[in-house]
Amino acid sequence: MKLLNNNDKHPHLERLLERSKNIDLDGESRILILSDLHMGNGGRRDEFRHNAALVDAVMSKYYLPEKYSLILNGDIEELFKFPLDDIVAQWRHIYQLFLRFNETGFFLRTIGNHDASLQDEKDYLLAPFLLESLKLSYRQENILVFHGHQASVFLWETYPVVSRSIVWFLRYVAKPFGIRNFSIAYNSRRRFAIEKSIYDFSNNAKIVSVIGHTHRPLFESLSKVDYLNYRIEELCRAFPAAQKQEREIIKDKISTLKEELATCYEQGKKIGLRSGVYNNLTIPSVFNSGCAIGKRGITALEIDHEKIRLVYWYNGKQSRKFLSDRDSRPIRLDGTSYYRIVLNEDHLDYVFSRLHLLA
């Protein structure tokens, strides 16, 4: 598939769309998309360690029994800081869980910038399932799944040869001296630029892109801040026509959403809050599964019977009360202290209809 000339400014993304392995979706398809596990050696600098038991539980007790397929969308191993052999030795049981998804569906994984050197590892346990990107075909539409670093203007995030020098620096210079690992996830301006580039490409190509890389969950190109603002606006518009009892409910919802929004802005002071809206009309062309190394839990994307949803898994013993933007309630995973809540959900037909009408 050859794209229009005005996509020439995204040559790496155009290449992915043209060459990606294709998988057809149907009305029964169920797929879990996780990214950015950053698995390490199990030590104190291993960011995955905090949520390892949670990831284990949700895969083995929920997604496998529910017969989901699994796509791991890059940065699964943290090879900037740890040798591959140490990671595999520490998390072998997690790798075995990954492979079990082939029993009832399929398992595939893409490369990220932090694990790009896996392309050279012929004996890598997951080598037969390793891709740079994957294209999911839904009727006549395409969902392109890739990590997201390919949109970067920084060479070390795109090319394995350059990134290997970064690996050497981080392991043997930065690590001994306690220098923090520099990553796109910690840089708000670069994170926004990456998302904007993918957003422009996706709109022009009339496709949906599913990424990771920035660690920021996005649903229909909206960040949580954006969606909370939209939700408050919807409730305000519904208020005048509502009956008395409904008005009280709307007031309570708006109050709760305002608290959530205030919390987002307070956290934003620390990380550099940036909107996810890239033009006047937000087009639902970019989704981001977030990451599996959040302090309170993990986010993931699900494609389930022609619907796409953003979900959040967390430990009910540790996390504060979490509120869904769609008024759903947390559901406990049987036999555990873990909960799943749907943050947002839409039918794929709606997503692509809006994409074609607005892009």
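The structure reproduced in this document is the subject of the present report. In every chain, residue numbers begin from 1 and rise along the written sequence. Where local features are concerned, this predicted model is filtered to residues with pLDDT of at least 70; where side-chain atom pairs are given and counted, the filter is 80 or more; whole-chain, interface and lining totals use all residues. For side-chain calculations, the full set of non-hydrogen atoms in the structure is used, while hydrogens and water are omitted.

1. Re the overall build of the protein chain
Helix and strand labels come from DSSP, where a helix needs a run of H or I of at least four residues and a strand needs a run of E of at least two; each type is numbered from the N terminus. Broken down by element type, the protein chain carries nine helices and 13 strands. As displayed, the protein chain has an accessible area near 16,700 Å², and 51% of this comes from carbon and sulfur atoms. For the accessible areas, the method is Shrake-Rupley and the probe is 1.4 Å, while residue cover comes only from the protein chains on display.

2. What about helix α4 (residues 92-100)?
Whether a residue is buried, partly exposed or exposed follows from its accessible area with a 1.4 Å probe, protein chains only, as a fraction of its type maximum: under 20%, in between, or over 50%, in that order. I94, Y95, L97 and F98 are the residues of α4 that are buried. Seen from one end, α4 has its buried residues packed into an arc of 155 degrees, which puts them on one side. In what follows, a contact means two residues having at least one pair of non-hydrogen atoms within 4.5 Å. In this fold, the buried residues of α4 make contact with α2 (52-63), β3 (69-73), α3 (84-90) and β4 (107-110). As used here, the arc belongs to the directions running from the helix axis to the C-beta atoms.

3. Some details on the sheet that holds strand β12 (residues 331-332)
Strand pairing requires that DSSP identify at least two bridges connecting the strands. The eight strands are arranged β5-β4-β3-β2-β10-β11-β13-β12 in an open sheet whose pairing can be described as mixed. Looking along the sheet, the strands with just one partner apiece sit at the ends: β5 (130-131) and β12. The sheet contact formed by strand β2 (residues 30-34) and strand β10 (residues 297-304) spans four bridges and is antiparallel. When the sheet's bridge partners are listed, I33 is paired in β10 with L301. Set on the sheet, helix α9 (residues 348-358) makes contact with β10, β11 (307-315) and β13 (338-347); between it and β13 the angle comes to about 45 degrees. Axis definition: a line fitted to C-alpha atoms, over the contacting stretch in the case of helices. Angles run 0 to 180 degrees between N-to-C directions.

4. Brief notes about the side chain of Q150
Along the chain, Q150 turns up in the loop between β7 (141-146) and α5 (160-174). For Q150, a relative accessible area of 2% corresponds to the buried category. Within the local environment of Q150, its side chain forms a polar contact with the backbone nitrogen of G148, the two atoms lying 3.1 Å apart. Contacts described as polar in this section are N or O atom pairs within 3.5 Å, which, within protein, must combine one atom able to donate a hydrogen with one able to accept it, while residues neighboring in sequence count only if both atoms come from side chains. At a separation of 3.4 Å, a polar atom in the side chain of Q150 contacts the side chain of H149.

5. Notes on the packing of α2 against α4
Two elements in contact, α2 and α4, have axes whose closest approach is 11 Å; the angle formed by their N-to-C orientations is 25 degrees. It follows that α2 is roughly parallel to α4 by the angle criterion. Between α2 and α4 lies a crossing of left-handed hand. Contacts between α2 and α4 pair A52, D56, M59 and S60 from the former with H93, I94, L97 and F98 from the latter. Each residue is assigned to one of three groups, with Ala, Val, Leu, Ile, Met, Phe, Trp, Tyr, Cys and Pro labelled nonpolar, Asp, Glu, Lys and Arg labelled charged, and all others, Gly among them, labelled polar. Residues of the contact of α2 with α4, tallied by class, amount to five nonpolar, two polar and one charged. Angle categories are assigned with fixed cut-offs, so that under 35 degrees is roughly parallel, over 145 is roughly antiparallel, 65 to 115 is roughly perpendicular, and the rest are oblique. Each crossing gets its hand from how the near helix is turned against the far one by less than a right angle, where anticlockwise is left-handed and clockwise is right-handed.

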